[in-house]
Amino acid sequence: MKIILASNSPRRKQLFAGLDLPFEVRIIDGIDESYPKDLPAEQVAEAIACSKASFYEPANDEIILTADTTVVIEDTVLGKPANREEAIEMLRMLSGKTHRVITGVCLKSVCKQKNFSVISEVTFKDLLDSEIFYYVDRYKPFDKAGAYGIQEWIGFIGVSKLNGSYFNVMGLPVQRIYEELHAAFI
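1. Some remarks on the overall build of the protein
Scanning the protein for helices and strands turns up seven helices and seven strands. Dimensions of the protein, computed from the C-alpha atoms along their principal axes, are close to 55 × 35 × 25 Å. Counting only residues that meet the buried cut, the protein has 47% of its 186 residues in that class. When contacts within the protein are restricted to residue pairs at least 6 apart in sequence, long-range pairs at least 24 apart make up 67% of them. As displayed, the protein offers around 9100 Å² of accessible surface, 50% of which is attributable to carbon and sulfur atoms. In the protein, 21 positive and 26 negative side-chain charges are present, and the distance between their average locations comes to 3 Å.

2. What to know about helix H1 (residues 10–17)
The complete set of buried residues in H1 reads Arg11, Arg12, Leu15 and Phe16. Down the axis of H1, the sector holding all buried residues measures 125°, keeping them to one side. Every exposed residue of H1 that faces more than 90 degrees away from the buried side is listed here: Pro10 and Gln14. Lining the buried residues of H1 we find strand E1 (2–5), strand E2 (23–25), helix H2 (44–53), strand E3 (62–73), helix H6 (166–170) and helix H7 (174–184). Where H1 begins, the capping side chain belongs to Ser9, and its oxygen is found 3.2 Å from the backbone nitrogen of Arg11.

3. Description of the side chain of Arg11
Its location among the elements puts Arg11 in helix H1. Arg11 sits in the buried class, given a relative accessible area of 15%. The contacts of Arg11, once residues within four sequence positions are left out, are Asp143, Lys144, Gln151 and Met170.

4. Considerations on the packing of aromatic side chains
Inspection of the entire model under this criterion finds five aromatic pairs. Note on Phe16 and Phe23: the rings are 5.0 Å apart at their centroids and 80° apart in plane angle, and the pair reads as edge-to-face. For Phe16, a relative accessible area of 0% gives the class buried. Judged by centre distance (5.7 Å) and plane angle (80°), the rings of Tyr166 and Phe167 are edge-to-face.

5. Brief notes about the pairing of E3
In terms of residue burial, E3 counts as a mostly covered element, since twelve of its twelve residues are buried. Residues Glu62, Ile64, Thr66, Asp68, Thr70 and Val72 line one face of E3 and the alternating positions Ile63, Leu65, Ala67, Thr69, Val71 and Ile73 line the opposite face, and both faces are buried. In this sheet, E3 lies alongside E1 in parallel orientation, the contact comprising four bridges. By the bridge assignment for E3, Ile4 is matched with Ile64. Of the strand pairs in this sheet, E3 and strand E5 (residues 98–108) are connected by nine bridges, and their pairing is antiparallel. Bridging across to E5, Val72 finds its partner in Arg100. Here E3 runs beside strand E4 (residues 76–78); their pairing, made up of three bridges, is antiparallel. Opposite Val72, over in E4, you have Val77 as the bridge partner.

6. Structural notes on unusual backbone geometry
Even without a glycine there, the phi angle at Asp20 is positive, about 55°. Looking at the secondary structure, you find Asp20 in the loop between H1 and E2. Look at Glu74: it is not a glycine, yet its phi comes out positive at around 55°. Of note, Glu74 is situated in the loop between E3 and E4.

7. Some details on the nonpolar core
In terms of nonpolar packing, the biggest core is built from 40 residues, with Phe16, Tyr148 and Leu181 touching the most fellow members. Setting aside chain neighbours within four positions, we find Tyr148 in contact with Val71, Leu91, Leu94, His99, Val101, Val122, Phe124, Tyr135, Pro141, Ile154 and Val169. Judged by nonpolar contacts, the second largest core, of five residues, contains Ile4, Ala6, Ile31 and Tyr56.

Conventions used here
- Residues numbered from 1 in each chain as written.
- Predicted model: local features only at pLDDT ≥ 70, side-chain atom pairs only at ≥ 80, totals over all residues.
- Heavy atoms only, no water.
- Helix = DSSP H or I, 4+ residues; strand = E, 2+ residues; numbered from the N terminus.
- Buried < 20%, exposed > 50% of the residue type's maximum accessible area, 1.4 Å probe, protein only.
- Contact = heavy atoms within 4.5 Å.
- Areas by Shrake-Rupley, 256 points an atom, 1.4 Å probe, with all protein chains shown as cover.
- Lys, Arg positive; Asp, Glu negative; His and termini not counted.
- Charge placed at Lys NZ, Arg CZ, Asp CG, Glu CD.
- Arc of directions from axis to C-beta.
- Polar contact = N/O pair within 3.5 Å; in protein donor to acceptor, adjacent residues only side chain to side chain.
- Phe/Tyr/Trp six-rings, centres within 6.5 Å; stacked < 30°, edge-to-face > 60°.
- Pairing = 2+ DSSP bridges.
- Core = buried A, V, L, I, M, F, W, Y, C linked by side-chain atoms within 4.5 Å.

Right, dumping it as structure tokens:
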């Protein structure tokens, strides 16, 4: 089976490549990533991943892999910030608190579909405004759910505790994907 990573994320490409499974990237531009506002926060990432998968028609020998990551603080879903001000506000919300990072994954072949979510809990120290401003202005985390990348400076200085998969927080729960591919498809 050929694995098709349906993601434009350089982090997801890097993480999936680490599994040493052959794959190719296939992108369909302009896929709507909206979701019903009454959907429980824990289900949003998986719903978006499944919605993305619905745009792809795998060939007989292909497995399509789609994913979406959300950051959830209390019951608020934080997606990607639209601008500097929104990124600063998100990081202020996360400062000194524990939040959940949820990555929804959909694996789809011609004859079956397997979808699941992986949840990790991340705790930030109390972040100073100067640290938030430095990070946002230097790293411009506008393509990251919750306005941060754990693998970047803010993760080095700000994350005080992690419960769950580090790679899930980066955007792709590779260990679980590997297990699901072998159990359901290979």
